[in-house]
Amino acid sequence: MELRLNGITKSYTKGKKHRNALEDFTLTMTEGVYGVLGPNGAGKSTLINIITGIISRDSGSIVFDDNGNHDYLSHLGFMPQGMDFYRNFTAKDYIKYIMTLKKYKTADDNAYALDILGKVNLREDADRKIGAYSGGMKQRLGIAQAIIGEPKVLIFDEPTAGLDAKERIRFRNVISSLAADKIVILATHIVTDIAYIAKTVVLMDKGKIIQYGTQEELCADAAGKVWECEADSSEVMDCMNRMRVSNAVSTGGKYTLRIISEDCPMDGAVKAEPSLEDVCIYRFGDM
Amino acid sequence: MKLFIYELKKNIFRVSLLVLTVILMAVNIYKAMEERRFFGETRAAAAMTDYFGGELNEEKFAELNEYRARMEQEANAIDGSEEIEYDYERYITGTAAGDASYAESDIKPKMEYAYLYRNTVLDYLALADENIAFYDGKNSYETSYAQLAKQLYSGRIIKSLGQYNTPRLYFDYEFSTLAVIILVIFVFSSAFSSERATGTDRIIISNKRSGSVFWAKHFTLYLFAAAAVILFSVSDIIVFAQKYGIGTLDQPLFAIQEYQFTPLNVTVLGVMLITLVLRILAVLFVGEVIMVVSTVTKNIGACIALSFGVVGALVLISEFIDPYLSPINLVNTRSMFKNLDCYDIFGTAVPCQLITLLIAVVLILALHVICYLRAVPKRLKEADK
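Given the structure is predicted, the values throughout are model-derived calculations rather than measurements.

Examining the overall build of chain B
- What chain B contains, in helices and strands, is 15 helices and 4 strands.
- Taking 21 Å as the expected radius of gyration for a compact globule of 385 residues, we find that chain B reaches 26 Å, considerably beyond that expectation.
- Considered along the principal axes of its C-alpha atoms, chain B spans approximately 90 × 65 × 35 Å.
- Considering chain B as a whole, with its 385 residues, one finds that 52% of them fall into the buried category.
- The contacts of chain B with a sequence gap of at least 6 include a subset with a gap of at least 24, amounting to 79%.
- A total of about 18,400 Å² of accessible surface is found on chain B, and carbon and sulfur atoms cover 62% of it.
- A gap of 18 Å separates the mean positions of the 35 positive and 41 negative side-chain charges of chain B.

Comments concerning the packing of aromatic side chains
All names here are of chain B.
- This structure, assessed with the given rule, holds 31 aromatic pairs over all chains.
- Plain terms: the ring middles of F171 and Y259 are 5.9 Å apart, the flat faces sit at 80° to each other, and that makes the pair edge-to-face. Linking F171 in helix 7 (residues 165-172) with Y259 in the loop between helix 11 (210-244) and helix 12 (268-293), this pair joins segments that are 88 residues apart in sequence.
- Judged by its relative accessible area of 0%, F171 falls in the buried class.
- Centroid distance F192 to F214: 6.1 Å. Interplanar angle 25°. Geometry classified as stacked. Taken as a pair, F192 in the loop between helix 8 (175-188) and helix 9 (193-198) and F214 in helix 11 lie far apart in primary sequence, 22 residues in all. Comparing F192 with F214 shows no difference in burial state: the two are buried.
- For R37, the ring lying beneath its charged end belongs to F38, and the centroid distance is 4.9 Å.

Remarks on the confidence of the model for chain A
- Across chain A, the average pLDDT comes to 87, with 99% of residues at 70 or higher.
- Summarising per-element confidence for chain A, the mean pLDDT is lowest in helix 8 (residues 233-242) of chain A (79) and highest in helix 2 (residues 91-101) of chain A (95).

Observations regarding the pairing of strand 9 (residues 208-213) of chain A
Residue and element names in this part refer to chain A.
- As judged from the 5 bridges shared by strand 8 (residues 200-205) and strand 9, these two strands associate in the antiparallel manner. Of the residues in strand 9, the one forming a bridge with D205 is K208.
- In textbook terms, the turn of a hairpin is the stretch between consecutive antiparallel strands, and for strand 8 and strand 9 this stretch comprises 2 residues, one of which, K206, has a positive phi near 50°.

Overview of the interface of chain B and chain A
- Chain B puts 30 residues into the contact, and the matching count from chain A is 33 residues.
- Summing the contributions of chain B and of chain A, the shared interface buries around 2,700 Å²; its carbon and sulfur component is 60%.
- Ranking the residues of chain B by area buried against chain A places Y6, T198 and I203 of chain B at the top, with a combined share of 22%.
- Two residues, K9 of chain B and D93 of chain A, come together in a salt bridge whose shortest N-O distance is 3.2 Å.
- Inspection of the region where chain B meets chain A yields 11 residue pairs in polar contact (both at pLDDT 80 or more).
- Of all the elements in the fold, those that place two or more residues in the side of chain B that touches chain A are helix 1 (2-11), helix 9 and helix 10 (200-206) of chain B.
- The residue makeup of the side of chain B that touches chain A, split by class, is 10 nonpolar, 6 polar and 14 charged.

A short note on the sheet that holds strand 2 (residues 17-29) of chain A
Residue and element names in this part refer to chain A.
- Taken in spatial order, the 3 strands of this open sheet run 2-1-4, and their pairing is antiparallel. The open sheet has two free edges, formed respectively by strand 2 and strand 4 (59-65), since each of these has just one partner strand. Between one strand axis and the next, the sheet turns by 15° as a mean value, whatever way the strands run.
- Two strands pair when backbone bridges link them, and strand 1 (residues 2-14) and strand 4 are joined in this way by 6 bridges, in the antiparallel orientation. Its bridge partner being in strand 4, N6 is matched across the sheet by S61.

Considering the pairing of strand 6 (residues 153-157) of chain A
Residues and elements named next belong to chain A.
- Counting buried positions along strand 6 yields 5 of 5 residues, so the element is predominantly enclosed.
- Because side chains alternate across strand 6, one face comprises the buried residues V153, I155 and D157, and the other comprises L154 and F156, equally buried.
- Pairing between strand 5 (residues 76-79) and strand 6: 4 bridges, direction parallel. Of the residues in strand 6, the one forming a bridge with M79 is F156.
- Pairing analysis gives 5 bridges linking strand 6 to strand 7 (residues 183-188), with the strands arranged parallel. By the bridge assignment for strand 7, V153 is matched with I183.
- Between strand 6 and its parallel partner strand 7, the chain crosses via helix 5 (residues 165-178), and the hand of that crossover is right-handed.

About the thresholds
- Chains are numbered independently. Their residues run from 1 in the order of the written sequence.
- Throughout, the order in which chains and ligands are written sets their labels, letters from A for the former and numbers from 1 for the latter.
- At least 70 in pLDDT is required for a residue's local features to be given in this predicted model, at least 80 for side-chain atom pairs to be given and counted, and no such filter applies to totals for whole chains, interfaces and linings, which use all residues.
- Hydrogens are left out, water is left out, and the side-chain values use all remaining heavy atoms of the structure.
- Helix and strand labels come from DSSP, where a helix needs a run of H or I of at least four residues and a strand needs a run of E of at least two; each type is numbered from the N terminus.
- This radius of gyration counts C-alpha atoms alone. The globule rule is 2.2 Å times how many residues there are, raised to the power 0.38.
- Between buried and exposed lies partly exposed: a residue is buried under 20% and exposed over 50% of the maximum accessible area for its type, with that area taken using a 1.4 Å probe on protein chains only.
- The contact criterion used is simple: two residues touch if any of their non-hydrogen atoms lie within 4.5 Å.
- Values of accessible area rely on a 1.4 Å probe in the Shrake-Rupley scheme; residue burial ignores everything except the protein chains shown.
- Asp and Glu are treated as the negative residues and Lys and Arg as the positive ones, with His and the ends of the chain left uncounted.
- By convention, charge coordinates are those of NZ in Lys, CZ in Arg, CG in Asp, or CD in Glu.
- Between rings of Phe, Tyr and Trp, where Trp is taken as its six-membered ring, a pair exists when centres lie within 6.5 Å; planes separated by under 30 degrees are stacked, by over 60 edge-to-face, and by other angles tilted.
- Ring-over charges, as used throughout, are those where CZ of Arg or NZ of Lys falls within 6 Å of the ring centre and within 35 degrees of the ring normal.
- Per-residue confidence from the predictor is reported as pLDDT, a score between 0 and 100.
- Two strands form a pair only when DSSP identifies at least two bridges running between them.
- The term buried area refers to how much accessible surface (probe radius 1.4 Å) is lost by two components on association, counted for both of them together.
- We define a salt bridge as a contact between a side-chain nitrogen of Lys or Arg and a carboxyl oxygen of Asp or Glu at a distance within 4 Å.
- By the criterion applied in these results, polar contacts are pairs of N or O atoms within 3.5 Å in which, for protein atoms, one can donate a hydrogen and the other can accept it, and in which residues neighboring in sequence qualify only through two side-chain atoms.
- Following the grouping adopted for this structure description, the nonpolar residues are Ala, Val, Leu, Ile, Met, Phe, Trp, Tyr, Cys and Pro, the charged ones are Asp, Glu, Lys and Arg, and the polar ones are all others, Gly among them.
- Think of each axis as a best-fit line through the C-alpha atoms, taken over the contacting stretch in the case of a helix, with angles from 0 to 180 degrees between the N-to-C directions.
- Crossovers are described as right-handed under a simple rule: with the strands pointing away from the observer, the path leading from the first strand over the helix to the second runs clockwise.

Now the structure itself:
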């Protein structure tokens, strides 16, 4: 199975201002989780909206191939950014509603809806009104509606916004369990969402791919540019203002800083293994 | 069909809507009772009409005169210093003086109007003939108007005296339609904005189902508008009929004196049904306006506020323009069908009511198309975050 994005370009014109939201975006994806990372305004949502057919592209093509099947839109599951629900629906009603929208028919819709909700641990709450759901439960319901009909391509746009740490971990686990035979595209600006589950990371900025590869490949690229050093509390703010600091951990009156720099940033700094967060700071500055 | 059921579930089957409907229904019943108290006849007058109602002939007049004379006699025989005791078994209004008074001041004029209506019409038709002769070849509109009047008023006759309180009040009462419009704003101002607010529009577009959802929403509007207008109209009729009975429905509309020059040659029951249909049409017009408003922004609160603003503006505008140019005026049967008013369309007299209907239908269709173009994009213009 393969999803090829060839030279996708999209620009917006507002008055006299012209902005390229996507510029010659080319990427080939196979089964697995693809993390699309980039700061706000990088073009992630535009990319996703084009793949899902919500907005048109100026040029380029999208080609899907799954053993001769080329219609990816009918095999697409999608969870939009900032998704919300009808408060007076139960989760089961909602799943059945999306089944109707997708024209997905089963012998027993109720049983199928419960099965789908079971995959995201919502089976027990299937008959509760969505208005009574927590943010995390709603997010899982968002995943559930996306996986209706066993789609081959699953797309999630900023899926963990507003979730607490526990729900975020739960979300990652659900996505991992679903990803085996699917192309999963996860667009976010939260690095940890991707760090644990993405086989390939695509770094985007200003509508372009600035780097992509496995996490190891990306981290290898930043090798030698990540430093760790200790600083007094009085020096921390100064360091943060002058340098790219990816992390600052307080340890008994002192701070351990991770600094991204081509050269040794200060006396006593030692090289450290880069993480995906370091790579992002290296590539984008502050996200 | 399934989408339509889900639209009903989304928009109609809500506790908040039920609560609002109950509140508006209670207010409407109270207002209808007030309308009945202020603009309906007294119970005594209605009872007298019921008593003398029926086919009109010389005997009926003689019977009325004889009854009035007898009641006057009985009333004069009563010693003025005695306390008046109401006797509803013997007298229709409870007293002889009451019966005599109502017979003279209420029933007699009603009978005379009905009995002499044929003459009124004949005078009017003679005037129409005069106008045709005078304007022929000089003013095509006036000629056309007189010809139309002749056509519409010929052969009119009122054969009986009837009880028209309930239909008359129903024709004049507008609050129930306003209540339905409030419900329509509450239900449909978020019809499309809620899809955008929840991000469901993206799922709908990516599944290429915008058209089906659009129609499902509109069928919901049609069903809701019709059901709500019927529900509130029935409640109005029940309130009015509680005091007067349903009344005489098989007589022509011009049997009600206020409508003596109505262009409609339809029975009172027919006009009640026409009123119902016109009110549904007026609500549909407002509903389509609200549907368009709901496509303007994804902010549901803003859509509700904007809907109230736009509908308020429409009502205000309809107060200042020619009443026949505003579909909002379809809710008032009296202003629509009291007289034969015509527009001069290229020298031909065209009844204003037809123009109002035409405007209403054209506006509803135009708003429907605008709503379709806004709510059913093949693609969105840009990523709306």
